[in-house]
Structure formats: structure tokens, C-alpha cells
Amino acid sequence: MNKIELTSAEQEAIVPGEAITLAAVMAILAVAVMAVVVYKLFRSDKGSAKIPGGFAFEWK
């Protein structure tokens, strides 16, 4: 493998945290989707919800 040492300017340009931010946004989105599903189930007399991954909920 050919390794090239980064210069000081290149090392300072590397900013960690993008993966953490993306994971946080995805977690908030997942919580929001589940909140909508739960709200839909509890506010209706009868209902059903299907979530990707084969999960299905029915409220009778």
C-alpha cells in the first residue's frame, strides 16, 4: 500500500462528527414516524398500520 502523509493543513481540514449528526437525524426521524403510528392507533376506533419490515398493527 502506498501511504501518503497528510500536511498540517489537510489534517486540520478533517472535521469529525458527520456520522454522529446523520445518526441523530435518523433516530429523530424514526421516533417521529413511530409517534405518528401510535397517534393513529390510539385516536381511531378501528385502524391498522403497516410499517416496512413486515410489522403490522391493528386496533379493534
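Parameters and conventions
Residues numbered from 1 in each chain as written. Predicted model: local features only at pLDDT ≥ 70, side-chain atom pairs only at ≥ 80, totals over all residues. Heavy atoms only, no water. Helix = DSSP H or I, 4+ residues; strand = E, 2+ residues; numbered from the N terminus. Rg over C-alpha atoms; globule rule 2.2 N^0.38 Å. Areas by Shrake-Rupley, 256 points an atom, 1.4 Å probe, with all protein chains shown as cover. Buried < 20%, exposed > 50% of the residue type's maximum accessible area, 1.4 Å probe, protein only. Pairing = 2+ DSSP bridges. Patch = residues over 30% accessible without salt bridge, like charges linked within 9 Å, V, L, I, M, F, W, Y side chains within 5 Å. Salt bridge = Lys/Arg side-chain N within 4 Å of Asp/Glu carboxyl O. pLDDT = per-residue confidence, 0-100. Polar contact = N/O pair within 3.5 Å; in protein donor to acceptor, adjacent residues only side chain to side chain.

Remarks on the overall build of the chain
- From N to C terminus, the chain includes two helices and two strands.
- Listed by position from the N terminus, the elements making up the chain come as α-α-β-β.
- In terms of C-alpha radius of gyration, the chain reaches 22 Å, well past the compact-globule figure of 10 Å for 60 residues.
- Referenced to the eigenvectors of the C-alpha coordinate spread, the extents of the chain come out at roughly 65 × 25 × 5 Å.
- Surface summary for the chain: the accessible area is close to 5,800 Å², and the carbon and sulfur share equals 67%.

Some remarks on the pairing of strand S2 (residues 55–59)
- Of all five residues in S2, zero are buried, a share of ten percent or less.
- Of the strand pairs in this sheet, strand S1 (residues 47–51) and S2 are connected by five bridges, and their pairing is antiparallel. In the strand pairing of S2, Ala 49 is matched with Phe 57.
- Between S1 and S2, which pair antiparallel one after the other, the connecting turn spans three residues, and Gly 53 there sits at a positive phi close to 110 degrees.

A closer look at a nonpolar patch on the surface
- On the surface, a nonpolar cluster with roughly 300 Å² of combined accessible area is contributed by Val 38, Phe 42 and Trp 59.
- Note on placement: Phe 42 falls in helix H2 (residues 18–43).
- Given the relative accessible area of 56%, Phe 42 is considered exposed.

Quick word on the confidence of the model for the chain
- On average, residues of the chain carry a pLDDT of 87, and 100% of them reach 70 or more.
- When pLDDT is averaged over each helix and strand of the chain, the minimum, 79, is found for S1 and the maximum, 92, for helix H1 (residues 8–13).

A few points about the environment of Glu 10
- Examined against the element boundaries, Glu 10 turns out to sit in helix H1.
- A distance of 3.0 Å separates the side chain of Glu 10 from the backbone nitrogen of Thr 7, its partner in a polar contact.

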